[in-house]
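# Understanding the architecture of this molecule
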Amino acid sequence: MRASHLFTKTQKQVPADETAKNAQLLIQAGFIHKEMAGVYAYLPLGLRVIERIKAIVREEMDAIGGQELIMTALQRKELWQTTDRWDDEKVDVWFKSQLKNGAEVGFGWSHEEQITSMMKNYIASYRDLPVYVYQFQTKLRNELRSKSGIMRGREFVMKDMYSYTTDEEKHQVFYDATIAAYMRVFQRVGLGDDTYVTVASGGPFTDKFSHEFQTLSEAGEDIIYLHKDKGIAINEEDLTDENLKRIGVEKVDLTKHKAAEVGNIFSFGGSKSEELGLFFTDENGQEKPVILGSYGIGITRLMGVIVEQFCDEKGIVWPESVAPMDVYLVRLSDEEKVVRAADELYERLTQENISVLYDDRDERAGKKFADADLIGLPHRIVVSNKTVSAGKHEYRHRTATAANQLSVEEIIKQLVEA
Ligand code: ATP
Ligand code: MG
């Protein structure tokens, strides 16, 4: 992509109405546009990051047997009344509207009711199970607060997966496989070292714990107590003597941290299927409720947490795995031989499947370098009069302080190995 074609522009001033660093940097660098508090549009660079995160999540969900689908945002009131989650007193984040005929509808803040009800069309016998389905869906939630930038949106992208199994034992196997898959996701996006499986209350449906995935972050809205050696944590909300005993840790061994919840998984047992009428016939002809599990990852929150963790005073420092492009190619002159050399390098990198943001704009060098740092692509290459004459261009990693002079072949080698 040529920077001269990119319609977004960077901005120098920090947006005055944003307190969260993730939103400040993403707006300044042109990744997102703020529509209103908690509601953001994803611009070309931002969309690429989302798509890369989704691709990683998709690979890991497919690897444990997930099938992707997409449900609807508009939901039926009757469905949510069945499980007593329609009233605003029960669920305080609903956005609701009406059809022309006056019928009420809700905007999906979650989808387990809808998918579970739909599954009545496809699940009747033990032979139809297990089923694992997931989607990337824009969730709408009328959140009370929205001061965390894209980490808490009123409109945000979630990956939610649902498991349907015949019994608790099979459910547990998949539940554990999901924990492992989630940890692989967090590892791959660069948050592995800071993300902990955290026990939280299991909700009204089960006496078991639910599990959250919490990334240590000053920008997070949660407090967790972490057992560093065992690598497990407990949410402050669930810190009772009884719960500590159940997970086998002592309070003195725990340290308190601010954290951001990047994922959350639940076991519903057969309760929700019973409410919604999703039953199957087992090998003995007996009718039983299908066992349900629900598994969420906040895709846009994850992007926000990544920005919070990986930035410096100059801008964002994207991990390789989710960066919108690999290389920021700076051309420092309009002289014909420099243009030719930079164009050739751009073509060459593209052929090697290395994605490039080619700064071919008519801008000062200082502006181009500042934008390169703000946008935060992992690799920067400078092509100038000097580098063309020397036959070696300037290469620097976003995190490095000094640049290296490398030939085109050396640059390719470096990047292909990266
Ligand atoms: P929180 O306690 O932060 O409100 P939640 O318990 O409501 O989260 P879930 O309903 O379990 O979250 O949603 C699954 C995941 O979706 C969360 O772990 C989080 O990563 C993400 N998420 C939830 N609410 C938001 C939001 N308002 N904006 C962005 N991501 C969100
Ligand atoms: Mg919430």
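### Let's talk about the environment of Val307
Positionally, Val307 belongs in helix H8 (residues 299-309). Given the relative accessible area of 0%, Val307 is considered buried. Sequence separation of Val307 and Lys170 is 137 residues, and the distance between their C-alpha atoms is 37 Å. If sequence neighbours within four positions are ignored, Val307 has contacts with Asn22, Leu25, Leu26, Ile316 and Trp318.

### What about the packing of helix H1 (residues 21-28) against H8?
Axis separation between H1 and H8 bottoms out at 8 Å; the angle between their running directions is 90°. The orientation of H1 relative to H8 falls into the category roughly perpendicular. The residues of H8 that touch H1, namely those facing Lys21, Asn22, Leu25 and Leu26, are Met303, Gly304, Val307 and Glu308. Taken together, the residues of the contact of H1 with H8 break down into four nonpolar, two polar and two charged.

### Describing the sheet that holds strand E4 (residues 74-76)
Read from one edge of the open sheet, three strands run E4-E6-E5, paired in antiparallel fashion. With partners counted over all chains shown, the strands left at the sheet margins are E4 and strand E5 (95-98), one partner each. This sheet shows a mean twist of 40° between the axes of neighbouring strands, independent of strand direction. Pairing geometry for E4 and strand E6 (residues 104-107), over three bridges, is antiparallel.

### Concerning the domain arrangement of the chain
Domain annotation of the chain identifies domain 1 (3-312) and domain 2 (327-417). Inter-centroid distance (C-alpha atoms) of domain 1 to domain 2 is 39 Å. The interface of domain 1 with domain 2 comprises twelve residues on the first partner and eleven residues on the second. Between domain 1 and domain 2, roughly 860 Å² of surface is buried when both sides are summed, and carbon and sulfur atoms account for 60% of that area. Three residues stand out in domain 1 for area buried against domain 2, namely Ala3, Ser4 and Thr10, and they jointly supply 51% of the buried area on that side. Across the contact surface, domain 1 and domain 2 share one salt bridge. The partner of Arg398 in a salt bridge is Asp312, with the nearest N and O atoms 2.8 Å apart. In this assembly, domain 1 and domain 2 are joined by five residue pairs in polar contact (both at pLDDT 80 or more). Listed by contribution, the elements that provide at least two residues to the side of domain 1 that touches domain 2 are H1 and helix H2 (44-63).

Thresholds, definitions, all that
- Residues numbered from 1 in each chain as written.
- Chains lettered and ligands numbered in written order.
- Predicted model: local features only at pLDDT ≥ 70, side-chain atom pairs only at ≥ 80, totals over all residues.
- Heavy atoms only, no water.
- Helix = DSSP H or I, 4+ residues; strand = E, 2+ residues; numbered from the N terminus.
- Buried < 20%, exposed > 50% of the residue type's maximum accessible area, 1.4 Å probe, protein only.
- Contact = heavy atoms within 4.5 Å.
- Axes fitted to C-alpha atoms, helices over the stretch in contact; angles between N-to-C directions.
- Parallel < 35°, antiparallel > 145°, perpendicular 65-115°, else oblique.
- Nonpolar A, V, L, I, M, F, W, Y, C, P; charged D, E, K, R; others polar.
- Pairing = 2+ DSSP bridges.
- Domains from an automatic or database assignment.
- Buried area = accessible area lost by both parts, 1.4 Å probe.
- Salt bridge = Lys/Arg side-chain N within 4 Å of Asp/Glu carboxyl O.
- Polar contact = N/O pair within 3.5 Å; in protein donor to acceptor, adjacent residues only side chain to side chain.

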